[in-house]
Amino acid sequence: MPKRINKNVLQIAIHVIGWGIFFTLPFFMYRGEQAITLNRYLGYCFMPLSCLIIFYINYGKLIDCLLFRRKIVQFILTNLLFIILLGILLHSWQNFHRVHLSEPMPENLKALKDALPKPPVLLFISRDILLMGLTVGLSVAIKMTSGWYKTEGEKQELQKAQAEAELQNLKSQLNPHFLFNTLNNIYSLIAINQDKAQYAVQDLSKMLRHVLYENNDNLVSLDREFDFMRSYIKLMSLRLSRTTHLDVSIPETGKGAMIAPLLFIPLIENAFKHGVSNTQDSFIHIQLELHEDHWLHCLVANSNFPKKDNDRSGSGIGIKNLKRRLELLYPGNFLFSTRTEDNRFIAELNIHL
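Per chain, residues are indexed from 1 in the order of the written sequence. Under the rules for a predicted model, residues below a pLDDT of 70 receive no local features and side-chain atom pairs below 80 are neither given nor counted, while totals for whole chains, interfaces and linings still include all residues. Each side-chain value is derived from all of the structure's non-hydrogen atoms; neither hydrogens nor water enter the calculation.

## Here we look at the overall build of the chain
- The helix count covers DSSP runs of H or I at least four residues long, the strand count covers runs of E at least two residues long, and both are numbered beginning at the N terminus. Each helix and strand in the chain was counted, giving nine helices and seven strands.
- Taken across its 353 residues, the chain has 33% of its residues classed as buried.
- Expressed as a percentage of contacts within the chain between residues at least 6 apart in sequence, the contacts between residues at least 24 apart total 73%.
- Each accessible area value is a Shrake-Rupley result obtained with a 1.4 Å probe; residue values ignore everything except the protein chains displayed when judging cover. Total accessible area on the chain stands at roughly 22200 Å², and carbon and sulfur atoms take up 61% of it. Burial classes follow relative accessibility: with a 1.4 Å probe on protein chains only, a residue under 20% of its type's maximum area counts as buried, one over 50% as exposed, and anything between as partly exposed. Any two residues whose heavy atoms approach within 4.5 Å are treated as being in contact.

## Regarding the packing of helix α7 (residues 222-236) against helix α8 (residues 265-274)
- At a closest axis distance of 11 Å, the pairing of α7 and α8 adopts a crossing angle of 15 degrees. Between α7 and α8, the interaxial angle falls into the category roughly parallel. Note that α7 runs across α8; the crossing there is right-handed. Side by side, α7 and α8 meet where F228, M229, Y232, I233 and M236 of the first sit next to I265, I268, E269 and F272 of the second. To obtain each axis, a line is fitted to C-alpha atoms, and for helices this fit is confined to the stretch in contact; angles are then taken between N-to-C directions over 0 to 180 degrees. In this scheme, roughly parallel covers angles under 35 degrees and roughly antiparallel covers those over 145, while 65 to 115 is roughly perpendicular and the rest are oblique. Each crossing gets its handedness from the near helix: less than a right angle anticlockwise from the far helix is left-handed, clockwise is right-handed.

## Considering the sheet that holds strand β2 (residues 244-249)
- The pairing criterion is simple: DSSP has to find at least two bridges between the two strands. If you trace the five strands from one edge of the open sheet to the other, you get β2-β4-β5-β7-β6, paired in mixed fashion. Edge strands, defined here as strands with exactly one partner in the open sheet, are β2 and β6 (334-341). Within this sheet the neighbouring strands show an average axis-to-axis angle of 5 degrees, counted without direction.
- By the bridge criterion, seven bridges tie strand β4 (residues 282-290) to strand β5 (residues 295-303) in an arrangement that is antiparallel. By the bridge assignment for β5, H285 is matched with A301.

## Overview of the confidence of the model for the chain
- pLDDT is a per-residue confidence score from the predictor, ranging from 0 to 100. Averaged over every residue, the pLDDT of the chain is 76; the share at 70 or more is 67%.
- For the chain, helix α4 (residues 107-115) is the element with the lowest average pLDDT, namely 50, and β5 is the one with the highest, namely 95.

## As for the environment of C51
- Considering the arrangement of structural elements, one finds C51 in helix α2 (residues 38-67).
- Judged by its relative accessible area of 1%, C51 is buried.
- Remark: the alpha-carbon pair of C51 and V136, spanning 85 residues in sequence, is separated by 8.4 Å.

Structural data, given as structure tokens:
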């Protein structure tokens, strides 16, 4: 609301300044013996007053009621009627002012004026009508420009609201997706080591506090996110066999930087889900680096063991969800790529914080 009020105040100020300059022009045009007087100003002010009337008749009413509703003929005829009426009134006022209110002219100037041919009255009327016609065009241009800015502002607000709603929906998908994958991991661990499974449930309860509460914030500290990633990797690694090599490198500090929560978890989930085999040698490599230029680099590489069609755990929404979140949260400030080479799956994510 304050932003809208400020825009209205600015718009009013522009109108006041514009018309103020128009009405005060005589005070800058006349100098010395020709200094402006009340009578001279009265002879001048009816013209800008006529333009002001025709401007706001159009700006406040006719453009919205006729032009914007595609009643173009009615708009033109109505303006012609007002312009002709104001032109007649203006001409009558100028004649009245010249005869009854104008200051007496020196005899030499009066004789010179009488000797010169008088321009046709129609010429003056046409000049005034043309000026008022230009005023109509100015009002249309200003109205359409302000309408365009208003439409663009409303469109941007709508796009922002839609993006926020979509982002909130993605967050709501992320929580159950994270929980589902973690519970699935613990479920598999129960058959292997019940003691580890119990500790895993305790760790999960702590991690859920982070997911359910801090994930509601748009940004969290990078330090907390690093701590959460370490805890998550520790939980996921409980079920790893001796044939799997895990290599993790996460900075000790986030240097006070802030980041959107849980961006890297889908990549880590994907590595543990598709990079581990119980019968073959496998590896998971997770590396994060925070550079001085505020770019955060994440590399997740793992051996590639794609799941079979009958294994639908997680529904495969993690990477797709991540891409959309990045587009909404860091437009133009991230680089994300995935590739498979030499039976390895590699995901790289760079974010400018």
